[in-house]
Amino acid sequence: MLNKRMVKALNMQINNELYSAYLYLSMSAHSTFIGMKGFANWFMVQYQEEMTHAMKIYDYINDQGGQVKLMAVAEPPAEFGSPLDMFEKTLKHERFITKCINDLVDLAVKEKDHATNIFLQWFVTEQIEEEANDNDIISKLKLVGKEGNGLFMIDKELAARVFTPPAPSKESQA
Ligand code: OFO
């Protein structure tokens with residue numbers, strides 16, 4: 001059973017995850033527009049992942065007898081600059097999401113909501129991976145600079161990313 005404050009905060013996080021999805025979908029479109037198909041693929045996979053994050057929280061609220069409340073999703077930018085600019089913006093956004101997840105954990109601890117605390121641990125781990133992936137790509141982009149061959153190689157590498165749906169949470173398997 002979730003208390004009202006927790007439901008409100010989790011609904012807000014559904015909105016944050018949907019915005020993340022929308023932001024990365026826009027980055028995918030931008031990448032296609034500038035002719036970087038591998039980058040477009042990477043961000044399309046990221047969009048799909050973010051949708052699963054939103055749905056994980058959606059399912060959790062439902063499973064715990066709370067009421068899901070969907071809110072308007074903000075319009076993302078359409079221009080992102082160079083591939084490096086785009087990944088720096090991605091990392092900045094993911095750091096914001098990490099803070100949101102940490103705040104949710106703090107609230108769960110304060111409210112003595114052990115179930116939600118356990119549920120959120122998946123997101124804590126996921127954020128480590130997301131920031132690490134972004135940092136890794138940023139390092140490579142800095143290394144190649146504006147050099148065409150290097151960018152072409154990175155684009156090829158990002159083209160290989162495949163969407164793998166996360167395992168369903170235990171609470172939604174029951
Ligand atoms: Fe990018 O991890 Fe969810 O938002």
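Preceding this paragraph is the structure being described.
Residues numbered from 1 in each chain as written. Predicted model: local features only at pLDDT ≥ 70, side-chain atom pairs only at ≥ 80, totals over all residues. Heavy atoms only, no water.

### Considerations on the nonpolar core
At step 1: Residues Leu2, Met6, Leu10, Ile57, Ile61 and Leu120 are the most contacted members of the largest nonpolar core, which totals 19 residues.
At step 2: Residue assignment for this core shows that the elements contributing at least two residues are α1 (4–33), α2 (37–63), α3 (83–110) and α4 (114–144).
At step 3: Here the element with the most residues in this core is α3; it accounts for six residues.
At step 4: Ignoring any residue separated from it by four or fewer positions in sequence, one finds Leu10 in contact with Leu2, Ile57, Tyr60, Ile61, Leu104, Thr116 and Leu120. (Core = buried A, V, L, I, M, F, W, Y, C linked by side-chain atoms within 4.5 Å. Buried < 20%, exposed > 50% of the residue type's maximum accessible area, 1.4 Å probe, protein only. Helix = DSSP H or I, 4+ residues; strand = E, 2+ residues; numbered from the N terminus. Contact = heavy atoms within 4.5 Å.)

### What about the packing of aromatic side chains?
At step 1: A full pass over the atoms with the stated rule returns eight aromatic pairs.
At step 2: An aromatic cluster of three or more residues is present, and its members are Tyr24, Phe39, Trp42, Phe43 and Phe87.
At step 3: Over the face of the ring belonging to Trp122 we find Lys56, whose NZ or CZ atom lies 4.3 Å from the ring centre.
At step 4: Over the ring of Trp42 we find Arg161; its NZ or CZ atom is 4.4 Å from the centre of that ring. (Phe/Tyr/Trp six-rings, centres within 6.5 Å; stacked < 30°, edge-to-face > 60°. Lys NZ or Arg CZ within 6 Å of the ring centre and 35° of its normal.)

### Some points on unusual backbone geometry
At step 1: Unlike most non-glycine residues, Lys112 shows phi in positive territory, near 55 degrees.
At step 2: Among the secondary structure elements, Lys112 is positioned in the loop between α3 and α4.

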